[in-house]
Structures are given as C-alpha cells and as structure tokens.
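Chain by chain, the residues run as shown.
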Amino acid sequence: MKKLNWGLIGGGEGSQIGLTHRVASTHDNYFNFVAGALDIDTEKAKKYGVNLGLAEDRAYGSWQEMLEGEKNRPDKIDLVTIATPNSTHFEITKAFLENGFHVMCEKPLTMTSEEARQIVEISQKTKTICAVNYGYTGYPMVIQARHMVQSGQLGKIRLIVSEFAHGHHSDAADMDNPRIRWRYDPKLAGNSSILTDCGIHALNMATFVTGQKIQKLSADFASCVEGRKLEDDAMINYRMDNGIVGRLWTSAVALGNQHGLTIKIFGENGSLKWSQEQPNQLYYTPLNQPTQILERGMPSLCEQSLNASRVTAGHTEGFLDAFANLYMQIAKAIYQNNKGEKIDNNKIWFPTATDGKHSIDIVEQAVKSAKNGSKWLDII
Ligand SMILES: NC(=O)c1ccc[n+]([C@@H]2O[C@H](COP(=O)([O-])OP(=O)(O)OC[C@H]3O[C@@H](n4cnc5c(N)ncnc54)[C@H](O)[C@@H]3O)[C@@H](O)[C@H]2O)c1
C-alpha cells in the first residue's frame, strides 16, 4: 500500500503534544511527515520544520500558507493534524475540509456547538474524514473493555464513574506560564477549561465503551486558584441512554495526582476498572467471583484489542502507541475513501466530528448548568 502524506499544524518546539503526533502518525509506516506550519511565530515555524527534516518549501510560516502551498500539489498531504490552541480549531479545520483535505483535529473540535455542527456538515458534504483526537480510545485494554461491555459480558450497565483529575496547575505562581495561561483565558480556551481540556476525554471514553450518548447532566464548577476566569475543577453527574448513571470528577488542582485518568464500569453481572497510568491491565470482577487481571496482548482478548497491540505481553506499551492506533485506523479509512468505498464501521473505528460535537454539546450544557445552580439540563 502506498504511504500517505501527512502534515502538522501547531505542535511547535516545546509544545506539549507535537512530538506525540509526529511519533504516532509515523509509527506504523502509514504516513510520511512532509509538511507543517508548526508555530504561531512564522520564523520559528519554518526553522523548526526544516530542523525536523521538512523540505524548505513545505516548512510553512502559517497554516494559510500551508493550505495554499499544498492544495495544488500532485503530492499534497492526505491528512492534516491540527494541534494548535482550541480557539483556532474551527477556522483551520473548516478551511482544510472545504479544500478536500482529511483532518485529524485535536480536541476540543470547536469552541461552540454551532461550529461543531458546521464541521460535521462540511465533512459530510465534502466526503472528507474529520477525526478528533480522543487518543485514549486507542489503548488496547480500553478497546477490550468496549468489547466486553458491548458484547454483554457485564450485563446491563448500571453505573460509570470516571476521573480525569491531575494536579499540574496547582501552583498559583504558574499563572503566567504560557503553556498554562491560555487554558484559563476564555478567548483562547473557550467557555470552559478543565472540563474541555481533560474531562471530555473521560466522558468520550464512557460513550466509546458503552456505545451510548449522554442525555442529560448537572455540573458543578470551581475555580480553586484565585484569579482564574475558568474552572480548574468540576464534578459532572449525568445520565446516558438506557439509563446508565454517570459521574465524572475532573481537576487541574488535584495536587499529587499525575495524569489521573481512570474509568470504572459497573454492570449487573460484572465490573471493569482501567487506569491510564497502568494501561496494560484491565481489572474484571464477575458477579460473586474474585477479581481477574486481564493483561494486554494475551490471546484470550478480543481481536480488535490484539490488533491494537504491537509488542508481546509484559512489555510497556502506552500513550504514543494509543495515538498511533488512531492514525492506523484513519489511514485505513483514507485508503477505503480513496477507493470510493464506504468506511466499514465494524472494522474501522476512530472518534469522528460527530463525537467531537457531542463533547461540545456536553460542555455547553455543563457551563449553563454550573451557572444555574447545577440545574439538570438535556443535551440537545
Ligand atoms: N488529545 C490529548 O491527549 C491532548 C493532550 C494535550 C493537548 N491537546 C490539545 O492539543 C492542542 C495543543 O495543546 P498543547 O498542549 O500542545 O499546546 P501548547 O501551548 O504546548 O503548544 C501549542 C503550539 O501551537 C502553536 N500555535 C499556536 N497557534 C498557532 C497557529 N495559528 N498556527 C500554527 N501554530 C500555532 C504554538 O506556537 C505551539 O507550538 C490543544 O487543543 C489541546 O487541547 C490534546
């Protein structure tokens, strides 16, 4: 299969997520990194691109230059990843989709539900793929959890309790750190901070594992560090389709917590527990039986989980590999799309613009709920 061409916007030198995308996209040899507009600063963008091995004419100074430069090339990029701050996602994603490019957009897809609705519509109209980087869905044991839940091994699901609570924004003296500051600036981050930054990953994982959407919610937001305009801690109570009861705690001031992403799923016949800091184990407790530890890569796991694993059981596999699994799925979808085939959702999975929109709908209602005494609101 011919390798695909990939470009990156944002993810400049020193950024949090740039390296992860560069490693993940090229990990399984589906993509070549050929173009980029990597930094808000034009000169730094070009210099860093060339340092990373891009040809000079494809190390662009801005995303607009990159769009113009790429769109008429015979060897143009097949996929562009957008890893810039949140406020820019809508404009850049829209422009690339409208010009026929497939897009992998970092979460959150957009700042508003209306923008997300437009992105879903444009992607459908232009028959382009728009993926959203809920990278944690790429972990083999999360895929195994989804298989066990959706094949009925836990029976009816009663309750999902998840956390994405880290402590890395606990220091009030960090207010001017440029990597932290934009996350609490409504102009750059939108109308929510920690829920949009982290909590939506855990909520997306609940929908990914169960295949159910969130129907209604009640939110409580707090800004624990004085002066922050947006929340650095939030608790969300929610209900999913089929009546599943959901609870989410997300925080940036849980001092001592590192990444802090865990999910627990309680069904009438069994429960599952997975933690991103021990990603290779899934704890399974069948009703009235002892807890079992399911290990990544063991032959008894489902086919999709095994296909998402590269190294034998017992070796470390983690964050970069999980993101790489999304790139692998997107590459397969692009190959199908290029052949004019409909994407086979039974075999190919990755979070799409529709999932991204569901998250933004949740954030919008959570913000309203938090401002109205945690009133329960439907997700429209
Ligand atoms: N999926 C995940 O697990 C995950 C993890 C971290 C960050 N993110 C998301 O990735 C995005 C970037 O986050 P980050 O933590 O890497 O931010 P960051 O502040 O560390 O880096 C942002 C980079 O984008 C560049 N940039 C800003 N505006 C630009 C523009 N208009 N054109 C080109 N480059 C531009 C900056 O120069 C910088 O290099 C955010 O949307 C964030 O929510 C996702």
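Residues numbered from 1 in each chain as written. Predicted model: local features only at pLDDT ≥ 70, side-chain atom pairs only at ≥ 80, totals over all residues. Heavy atoms only, no water.

Turning to the packing of aromatic side chains, a few remarks are in order. For any two aromatic rings, the description comes down to two numbers: the centre-to-centre distance and the angle of the planes. A complete count under the given rule lists 12 aromatic pairs for this structure. With centroids separated by 6.4 Å and ring planes inclined at 5°, the aromatic side chains of tyrosine 136 and tyrosine 139 adopt a geometry described as stacked. Looking at tyrosine 139, the relative accessible area reads 2%, which means it is buried. Relative to phenylalanine 164, the ring of tyrosine 136 has its centre 6.0 Å away and its plane inclined at 80°; by these criteria the two rings are edge-to-face. (Phe/Tyr/Trp six-rings, centres within 6.5 Å; stacked < 30°, edge-to-face > 60°. Buried < 20%, exposed > 50% of the residue type's maximum accessible area, 1.4 Å probe, protein only.)

If you walk across this open sheet you meet the 5 strands as E2-E1-E3-E4-E5, and the pairing is parallel. In the strand order of this sheet, the two ends are held by strand E2 (31-37) and strand E5 (130-132), each with one partner. For this sheet, the mean angle separating the axes of adjacent strands, direction not counted, is 20°. Note that strand E3 (residues 79-83) and strand E4 (residues 102-105) share 4 bridges and pair parallel. Residue pairing in the sheet places isoleucine 82 in a bridge with cysteine 105 of E4. Running over the sheet, helix H3 (residues 63-71) touches strand E1 (4-10), E2 and E3 and is turned about 130° from E2. (Pairing = 2+ DSSP bridges. Helix = DSSP H or I, 4+ residues; strand = E, 2+ residues; numbered from the N terminus. Axes fitted to C-alpha atoms, helices over the stretch in contact; angles between N-to-C directions. Contact = heavy atoms within 4.5 Å.)

Partitioning the chain into domains gives domain 1 (4-136 + 326-353) and domain 2 (144-310 + 358-378). A straight line from the C-alpha centre of domain 1 to that of domain 2 covers 25 Å. On the domain 2 side, the residues contacting the 23 residues of domain 1 number 26 residues. Between domain 1 and domain 2 the total buried area reaches about 2100 Å² when both faces are included, carbon and sulfur atoms providing 53% of it. Between the two partners, domain 1 and domain 2, sit 2 salt bridges. Note that lysine 107 is salt-bridged to aspartate 197, the shortest N-O span being 3.2 Å. Put simply, domain 1 and domain 2 have 8 residue pairs in polar contact (both at pLDDT 80 or more) between them. Of the residues contributing to the side of domain 1 that touches domain 2, the split by class is 9 nonpolar, 11 polar and 3 charged. (Domains from an automatic or database assignment. Buried area = accessible area lost by both parts, 1.4 Å probe. Salt bridge = Lys/Arg side-chain N within 4 Å of Asp/Glu carboxyl O. Polar contact = N/O pair within 3.5 Å; in protein donor to acceptor, adjacent residues only side chain to side chain. Nonpolar A, V, L, I, M, F, W, Y, C, P; charged D, E, K, R; others polar.)

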